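Here's the letter readout for the chains.
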Amino acid sequence: MQNLSNKYVWMRAAALSLPLMLAQVGIEKTSESVGFQAGVALAQETKKDERETRRTPALRNKVYEKLAEAQTAAEAKDWATARSVLDAMIDASGKRELNSYELANVYNLYAFIHYSNEDFPGALEAYRNVIAQPDIPLAMETNTKYTIAQLYFVQEDWKNGVDMLLDWFAVTDQPSATSHVLLSQGYYQLKDYDNALANVKIAIQMEEDKGRLPKEQWYNLARFLYFERNDVDNTIDMLRNLVTYYPKDQYWIQLSHMYGEKKEEGKQLSVMDAAYVQDLLSKGPERVTMAYLYLQGEVPYKAAQVIDRGLKEKLIDPTSKNYEIMGSAYRQAQEVAKAIPAMEIAADKSEDGELYARLGNVYLDGDKFEEAIAALEKGLKRGGVRREDNAQLSLGMAYFNTKQYDKARKAFKAAGKDKRSETYAKQWIKYLNSELERQAKLAED
């Protein structure tokens, strides 16, 4: 199977280099999630840096009551009323009466309304107005910057999302593992793979240090980034984590392939075998790959069984090629009786004479000489036989065994015209002549 690597080279492109889907950034549609609660600045990803003191203006009672009125309407999805209250608060005369903290809360609630109506540009503008206000609580600033970064990511504005997230990192003292993953995903989309890898590694390590299991997409992102750097060992480490904690057929296949990259054929086969016995290989191409690996590992009977089972379960397409693989594997396993029907179907489905020539050889192995003659002649007549000299040699042997010596001699001579079979053809002709002489002598006696 010297060309085996070509049979499943698709795995490198299809299984390992697929564009990684960015984990969806979700923001719950609640007032708390967008950082609004009248009179209180909430923080999602940080706590107030006690080293920094800010003189924040007070939220006056009359403003609080208006904000509470707008919030109640918003929570009831009475958007028109909520907007009307807020618009009145920041009209030409009212806006001048609001201090920076009160304005920040007004814009914060505007942002909630826009987001709830999936008006992301409007939500972003409102949030930018929040952090534009001076002397707002640090917790409110950090919370809002993180939310702005998330909204940029929702809109696939990766550059601005990364920039805002970096601003958030600059003002928070307790970045979480999730925030590092978010930054990693942004860098990934910008194709800054070095920074993407650095951040997802931090996230994974933070979770593991706390005795928690990192999420599947974190390992998967790290796996892809290591692969892009041609770091096979670390790619394998990530895939081992994936098959351990999130076992899926694609991870077993990728892990098997990576062992193949390291020329560790034994591990390559054992990983795929483990996936197969767990019934994780649910796709036809995966089963075919498994069969090729068995053939490479010199376990032809298992290779044939994999194809046989896949065809019966209708997972593997009933093509000429797949029946050929099964027939060839059974033949290598010395299971000629099982090889014959597989090769008959393969030949019948083929468009040229190659598989009929090969079928003739299988018949020859099973001492079915008449069938071998019919298949070989059909193949040679149809054309497309890669080694016509070999086919002629086999045809000559089949004629010889049916005592059709003239036809056998003709076939051997035809084979001898090819330098690659000249020696064997002469030997067979010599043997044929000696057999005829022996029979003549017996007749004389």
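Here is what the cut-offs are and how they apply
Residues numbered from 1 in each chain as written. Predicted model: local features only at pLDDT ≥ 70, side-chain atom pairs only at ≥ 80, totals over all residues. Heavy atoms only, no water. Helix = DSSP H or I, 4+ residues; strand = E, 2+ residues; numbered from the N terminus. Buried < 20%, exposed > 50% of the residue type's maximum accessible area, 1.4 Å probe, protein only. Contact = heavy atoms within 4.5 Å. Areas by Shrake-Rupley, 256 points an atom, 1.4 Å probe, with all protein chains shown as cover. Expected span 1.5 Å × (residues − 1). Salt bridge = Lys/Arg side-chain N within 4 Å of Asp/Glu carboxyl O. pLDDT = per-residue confidence, 0-100. Core = buried A, V, L, I, M, F, W, Y, C linked by side-chain atoms within 4.5 Å. Phe/Tyr/Trp six-rings, centres within 6.5 Å; stacked < 30°, edge-to-face > 60°. Axes fitted to C-alpha atoms, helices over the stretch in contact; angles between N-to-C directions. Parallel < 35°, antiparallel > 145°, perpendicular 65-115°, else oblique. Left-handed = near helix turned anticlockwise from the far one by under 90°. Nonpolar A, V, L, I, M, F, W, Y, C, P; charged D, E, K, R; others polar.

For the rest of this paragraph, the subject is the overall build of the protein. A count of helical and extended segments in the protein gives 24 helices and two strands. Across the 445 residues in the protein, those meeting the buried criterion constitute 48%. Partitioning the contacts of the protein with sequence separation of at least 6, the portion at a separation of at least 24 is 56%. Accessible surface computed for the protein: about 22600 Å², of which carbon and sulfur atoms make up 47%.

Let us now look at helix H16 (residues 284-296). The terminal C-alpha atoms of H16 lie 19 Å apart, and with 13 residues this matches the ideal 18 Å at 1.5 Å per residue to within 8%. Of all the 13 residues making up H16, 11 are buried; the element is thus mostly covered by neighbouring parts of the structure. Turning to H16, its buried residues are Gly284, Glu286, Arg287, Val288, Thr289, Met290, Ala291, Tyr292, Leu293, Tyr294 and Leu295.

On to the pattern of salt bridges. One pass over the full model with this rule turns up 23 salt bridges. Across the salt bridge formed by Lys145 and Glu141, the nearest N and O atoms sit 3.0 Å from each other. With Lys145 and Glu141 both in helix H8 (residues 138-154), this residue pair falls four residues apart, about one helical turn. A relative accessible area of 12% means that Glu141 is categorised as buried. Ionic pairing is found between Arg212 and Glu207, a salt bridge with its closest N-O pair at 2.9 Å. We classify Arg212 as partly exposed; its relative accessible area is 43%. Note on Glu207: relative accessible area 10%, which makes it buried. A single network of salt bridges, built from pairs that share partners, joins Asp233, Lys262, Glu264 and Lys267.

What follows covers the confidence of the model for the protein. Averaged over every residue, the pLDDT of the protein is 87; residues scoring 70 or more account for 87%. No element of the protein has a lower mean pLDDT than strand E2 (residues 40-41), at 32, and none a higher one than helix H11 (residues 193-209), at 97. Contacts of residues 1-51 to residues separated by more than four positions or lying in other chains number 117 contacts, the stretch itself having pLDDT below 50.

What follows is about the nonpolar core. In a soluble, globular protein the nonpolar side chains are often hidden away together inside. Leu86, Leu165 and Met290 are the most contacted members of the largest nonpolar core, which has 129 residues in total. Per element, the largest residue contribution to this core is 11 residues, and it comes from helix H6 (residues 100-116). Beyond its immediate sequence surroundings of up to four residues, Leu86 is in contact with Leu67, Ala70, Val106, Leu109, Tyr110 and Ile113.

Throughout the structure, instances matching the rule amount to 15 aromatic pairs. Pairing Tyr107 with Tyr110 gives two aromatic rings, centres 6.4 Å apart and planes at 35°, and the pair type is tilted. On the criterion of helical spacing, the pair formed by Tyr107 and Tyr110 is a turn pair, its members being three residues apart in helix H6. Classification of Tyr107 as buried rests on a relative accessible area of 9%. Seen in terms of ring centroids, Tyr188 and Phe224 are 5.5 Å apart; in terms of plane orientation they differ by 85°. Their pairing is edge-to-face. Of this pair, Tyr188 sits in helix H10 (residues 177-189) while Phe224 is found in helix H12 (residues 216-228), placing the two residues 36 residues apart along the sequence. Overall, Tyr188 belongs to the buried group, its relative accessible area being 8%.

Relative to the 20 Å expected for 14 residues at 1.5 Å per residue, helix H9 (residues 158-171) spans 20 Å between its end C-alpha atoms, a close match to the ideal helical length. For H9, every residue scored as buried is listed here: Trp158, Gly161, Val162, Met164, Leu165, Trp168 and Phe169. Turning to H9, the residues buried within the fold contact helix H7 (120-131), H8 and H10.

Attention now moves to the packing of H10 against H12. The interhelical angle for the contact between H10 and H12, taken along N-to-C directions, is 40°, at an axis separation of 11 Å. Taken together, the axes of H10 and H12 lie oblique to each other. Helix-helix and strand crossings are classified by hand; for H10 and H12 the assignment is left-handed. Every residue of H12 that contacts H10 at Ala177, Thr178, Val181, Ser184, Gln185 and Tyr188 is listed here: Trp218, Leu221, Phe224 and Leu225. In terms of residue class, the contact of H10 with H12 is made up of seven nonpolar, three polar and no charged.

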